[in-house]
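Reading the structure
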Amino acid sequence: MTEAAWRTSACILCECNCGIEIQLDGRRLARIRGDKSHPASAGYTCEKALRLDHYQNGRHRLTSPLRRRPDGTFEEIDWDTALGEIAQRLTAVKDTHGGEKIFFFGGGGQGNHLGGLHTRALQSALGSRYFSNALAQEKTGEMWVDGKLYGGHTKGDFEHAEVVLFLGKNPWQSHSFPRARPALRELAKDPDRTMIVMDPRRSETAAMADLHLQVRPGTDAWCLAAMLAVLIEEGLLDREFIAAHTTGTEGIVEALTEVPVTEYAERCGVPEELIRTAARRIGTAVSVTTYEDLGTQQAPHSTLVSYLNKLLWILTGNFGRPGTMYLHSAFAPLTGPSAGGGRKSSRGRRTPVTGAKIIAGLVPCNSIAEEILTDHPERFRAMWIESANPAHSLADSPTFARALDALDLVVVVDVALTETGRHADYVLPAASQYEKWEATFFNSEFPHNSFQLRPPVLDPLPGTLPEPEIYARLLRRLGAAPPELLATLTEAARLSRPAFTKAFFDAVAADPAVLGLAPHLLYETLGAALPEHLRATAPVWGLAQLCALNHPDAVRRAGFADGDELFDAILERPSGVTFTVDEWSDVWNYVRREDRRFTVDIPELTEWLRQLKDDEPRSCGDFPLVLAAGERRSFTANTIYRDPRWRRRDRDGALRVSPADAERLGLATGSAARLVTERGSAQVVVEVTDMMRAGHISLPNGLGVDHPEHGSAGVAPNELTSLHHRDPVAGTPWHKYVPARVEPLETAPVAQAPVSSGG
Ligand SMILES: Nc1nc2c(c(=O)[nH]1)N[C@H]1C(S)=C(S)[C@@H](COP(=O)(O)OP(=O)(O)OC[C@H]3O[C@@H](n4cnc5c(=O)[nH]c(N)nc54)[C@H](O)[C@@H]3O)O[C@H]1N2
Ligand SMILES: Nc1nc2c(c(=O)[nH]1)N[C@H]1C(S)=C(S)[C@@H](COP(=O)(O)OP(=O)(O)OC[C@H]3O[C@@H](n4cnc5c(=O)[nH]c(N)nc54)[C@H](O)[C@@H]3O)O[C@H]1N2
Ligand code: SF4
Ligand SMILES: [Mo]
């Protein structure tokens, strides 16, 4: 027998989207291995990718549109009925309340951003103006700071940096940069390089670090302020870089000069000498990169911490050289313009009811329920949700569910009947990410940036449709595309690609609003002229054109004269294409400022830094512990895998507790306990581990989802979180800082295999 072919695809479980190859057995993803031809991952995968058949073929898959009955149960209906009714009800909301009352959430998860293009077209057709996704509960504080400083997204060249700082980030488990584990191992074993980890927990990454700054939870601002003060005190700022590349450092440097290092070291619980050693190492290294993630972005002072983190590498001149930080090209934008980058376009946009700041076009996740559960005339009336599970992933799930129930219409597009789908009026079953063309826009490498368009490896499961087709059918019912325009573009597409390019850009020039519908128009016209199996790739042609316009030199250096050549290469190379090639000196061109300098002064954050001095420790009354609700572990992957059996270990997602707290509370590994917060309580299984410091406890993310066959395991973390603890600037939740207490339960310890703290 000949061996089944290996098909090219990608892992969809985290933003790395490692290239994989899949061997099918019928419809089963029988064997999976890393794809050596993938430009970024080069053959690497972690263990989670090997279990992707749980996603593809689990019992959770839906095969018919569902409509909710008045009693809350669902009935199967056909696609025509579903889309006909949805079109009618959307139109009714629009006519009665205005299209801007239809709120959009999601539009892509960890592996699928092509559907999101079409949701934009639907938004445009309905006149909807407000949307959000998971980034507005993690990254918007950082995006706001990025916008003010340079107007772009930064990342680090971790593979070549002499010193790397991970701030509330555990890449051993969560990855987020290519080949994270080999890169960490190399960093750890090289005596000339230094890994610094700031984390209250002795995470897998912290255990490998040269310097572990084991802060008290939620005190990173004091620790970073102290490190910056040491840099200033010891004359370690890069004055040349500051003079050549920045404006407005005086105010913040003055504020940092006043930081009392000894006192702040005490506040954050890290020995002063260790803070000084870390600061000196950063101040004297040839190259430094830093990575901040959820540990600080979902904790007190998060936006201030983002600023202090960026000051560490800016004031020491660690930008724009190998081994340092960089700005990069984008194949397609992941969000709207960031705060200060689009100073004109997005400044001052606020939500209609509570006036919360909209950053990068995203409504803060914690505000959404508040924008609905009110009798304010501007409240949202309907919600469209795709590729997201906000009734599980947003703070205070019970309140979010109540908000969904208060709407006139909720439509969910998903592969499964999720916690969110249960509150929908209609659930539309999408084809899986292995049954359609897919891609992600998490493309953030430099100097070579790559993009992968993955072909389907299977036909859609009967009863499901790929998102482009779902949206096309709905938009046709809504009469979204002007018929004359469709006719002109269809005709041009039949003629030739250059004729189409001209017709398309003429149409955009005549009426820029055409861009809003572009994904739909391209699917209907250019797509219809392509061979049928390529139809869904047509919107990528549009993105390739924009990419070539935005980065003409870098795209040319990558070997493509124009957007057409780039698009053809994308289709020809399913493992991925390097779409921009830069030199390190080009990095300044990505600074979206006329003078190409960093605008360092952010007065409101400088003021916040000054106030740290008088900031009282949070008094937690009945809740003496800090719960980190949502830790990334070997067996977590947001809520993408729904079958609890995918977890070979830690099926219940144990509550991690320090030995000191366990002894005080009379708990042992395997004990049952009640975990109580201001918002709720849950029964948990305890794991006693010296990863945790006293006073700090932790639950994994992504658990507590139900499965039709195997039920639910573990705790849904947002049953325990509240809407009120959030960043004052960005509105991002403090999932990693939930005041809590643990009460032992009388049950005998559950027999369990020993749990190791390793990966
Ligand atoms: N295995 C796995 N990998 C994933 C995911 C997954 O679900 N599973 N999800 C992906 C997604 S969506 C994201 S956003 C990333 C997130 O990736 P990470 O941010 O790395 O993930 P977390 O484990 O949530 O948090 C990181 C660390 O923050 C620490 N922390 C908690 N409180 C504090 C604090 O007050 N200060 C500091 N300094 N640290 C603190 C925790 O101990 C933890 O080690 O992971 C991605 N990768
Ligand atoms: N307490 C707490 N809450 C958290 C976090 C935390 O650490 N603690 N982390 C936050 C973070 S960083 C993130 S990123 C969010 C993640 O939360 P969400 O963005 O809400 O998303 P996921 O859990 O990734 O869910 C993705 C959904 O997409 C569906 N899906 C998969 N493939 C397809 C497809 O091809 N088409 C369609 N239409 N749907 C598909 C899946 O079935 C699933 O329902 O959670 C956040 N919530
Ligand atoms: S690192 Fe992320 S994308 Fe890569 S194999 Fe693991 S889960 Fe998948
Ligand atoms: Mo995330």
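Residues numbered from 1 in each chain as written. Chains lettered and ligands numbered in written order. Predicted model: local features only at pLDDT ≥ 70, side-chain atom pairs only at ≥ 80, totals over all residues. Heavy atoms only, no water.

Under an unreviewed UniProt entry, the name given to the protein is Molybdopterin-dependent oxidoreductase, and the organism recorded is Streptomyces monticola.

Details of the nonpolar core
Looking at soluble globular proteins, one finds that nonpolar side chains tend to be buried together. Grouped together as the largest cluster of nonpolar side chains are 202 residues, with contacts concentrated most on L52, F331 and W384. When residues in this core are grouped by element, the largest group, 12 residues, is from helix α8 (residues 220–233). When sequence neighbours within four positions are dropped, the list of residues in contact with L52 reads C11, I12, L13, I20, L29, I32, Y434 and Y641. L655, V657, L665 and V684 belong to the second-largest nonpolar core, a separate cluster that totals 20 residues. (Core = buried A, V, L, I, M, F, W, Y, C linked by side-chain atoms within 4.5 Å. Buried < 20%, exposed > 50% of the residue type's maximum accessible area, 1.4 Å probe, protein only. Helix = DSSP H or I, 4+ residues; strand = E, 2+ residues; numbered from the N terminus. Contact = heavy atoms within 4.5 Å.)

A word on the side chain of N133
Topologically, N133 is positioned in the loop between β7 (131–132) and α4 (140–149). Separated by 2.9 Å, the side chain of N133 and the backbone nitrogen of L135 make a polar contact. With near-sequence residues (within four places) excluded, N133 lies in contact with F105, G106, L362 and C365. (Polar contact = N/O pair within 3.5 Å; in protein donor to acceptor, adjacent residues only side chain to side chain.)

What about the site of ligand 1?
Every one of the 30 residues lining ligand 1 counts as a neighbour, but S174, D199, G218, D220 and T636 are closest to it. Interatomic distance of 3.4 Å between a backbone N/O atom of G295 and a nitrogen atom of ligand 1. In isolation ligand 1 exposes 920 Å². Once the protein is present, 98% of that is buried. For the shell around ligand 1, the elements supplying multiple residues, two or more each, are α5 (171–174), α13 (294–297) and β21 (625–631). Sorting elements by how many residues they give to the shell around ligand 1 places α13 first, with 3 residues. Residues belonging to the shell around ligand 1 are distributed by class as follows: 6 nonpolar, 13 polar and 11 charged. Counting residues domain by domain, the shell around ligand 1 receives three or more from each of domain 2 (140–330 + 603–611) and domain 3 (618–744). (Near = heavy atom within 4 Å. Areas by Shrake-Rupley, 256 points an atom, 1.4 Å probe, with all protein chains shown as cover. Nonpolar A, V, L, I, M, F, W, Y, C, P; charged D, E, K, R; others polar. Domains from an automatic or database assignment.)

Some words on the packing of aromatic side chains
As enumerated under the stated definition, the model contains 32 aromatic pairs in all. Taken together, the ring pairs in this structure connect Y150, F241, W313, F319, W588 and F598 into an aromatic cluster. The aromatic ring of W6 is capped on one face by R33, whose charged end is 3.8 Å from the ring centroid. The ring centre of Y523 lies 4.4 Å from the NZ or CZ of R535, which sits over that ring. (Phe/Tyr/Trp six-rings, centres within 6.5 Å; stacked < 30°, edge-to-face > 60°. Lys NZ or Arg CZ within 6 Å of the ring centre and 35° of its normal.)

Let's talk about the environment of G670
Structurally, G670 can be placed in the loop between α28 (659–665) and β23 (672–677). Its relative accessible area of 0% is what places G670 among the buried residues. Along the chain, G670 and G527 lie 143 residues apart, while their C-alpha atoms are 56 Å from each other.

Overview of the pattern of salt bridges
Counted under the stated rule, the structure contains 51 salt bridges. Notably, a salt bridge pairs R33 with E21, separated by 2.9 Å at the nearest N-O pair. Within this pair, whereas R33 is found in strand β3 (residues 28–34), its partner E21 is found in strand β2 (residues 19–25), the two being separated by 12 residues in sequence. For R656, the salt bridge is made with E631, and the minimal N-O distance between the two is 2.5 Å. (Salt bridge = Lys/Arg side-chain N within 4 Å of Asp/Glu carboxyl O.)

Let's talk about the packing of helix α24 (residues 538–550) against helix α26 (residues 563–572)
Here α24 crosses α26 at 130 degrees, and the two axes come no closer than 8 Å. Considered as vectors, α24 and α26 are oriented oblique to each other. The crossing of α24 and α26 is right-handed. Along the contact surface, α24 presents V540, W541, A544, Q545, C547 and A548, while α26 presents G563, D564, L566, F567 and I570. (Axes fitted to C-alpha atoms, helices over the stretch in contact; angles between N-to-C directions. Parallel < 35°, antiparallel > 145°, perpendicular 65-115°, else oblique. Left-handed = near helix turned anticlockwise from the far one by under 90°.)

Considerations on helix α3 (residues 114–126)
A rise of 1.5 Å per residue sets the reference length of α3, with its 13 residues, at 18 Å; its end C-alpha atoms lie 19 Å apart and thus fit the reference within 8%. Buried residues dominate α3, accounting for 10 of its 13 residues. One or two steps after α3, the chain reaches G127, where phi turns positive at roughly 75 degrees. (Expected span 1.5 Å × (residues − 1).)

Remarks on unusual backbone geometry
A cis geometry characterises the amide bond from F446 onward to P447, with omega recorded as 0 degrees. Looking at the element boundaries, P447 is found in the loop between β17 (426–429) and β18 (448–451). A positive phi angle, near 50 degrees, is found at R179, a position not held by glycine. Locating R179 in the fold gives a position in the loop between α5 and α6 (180–189).

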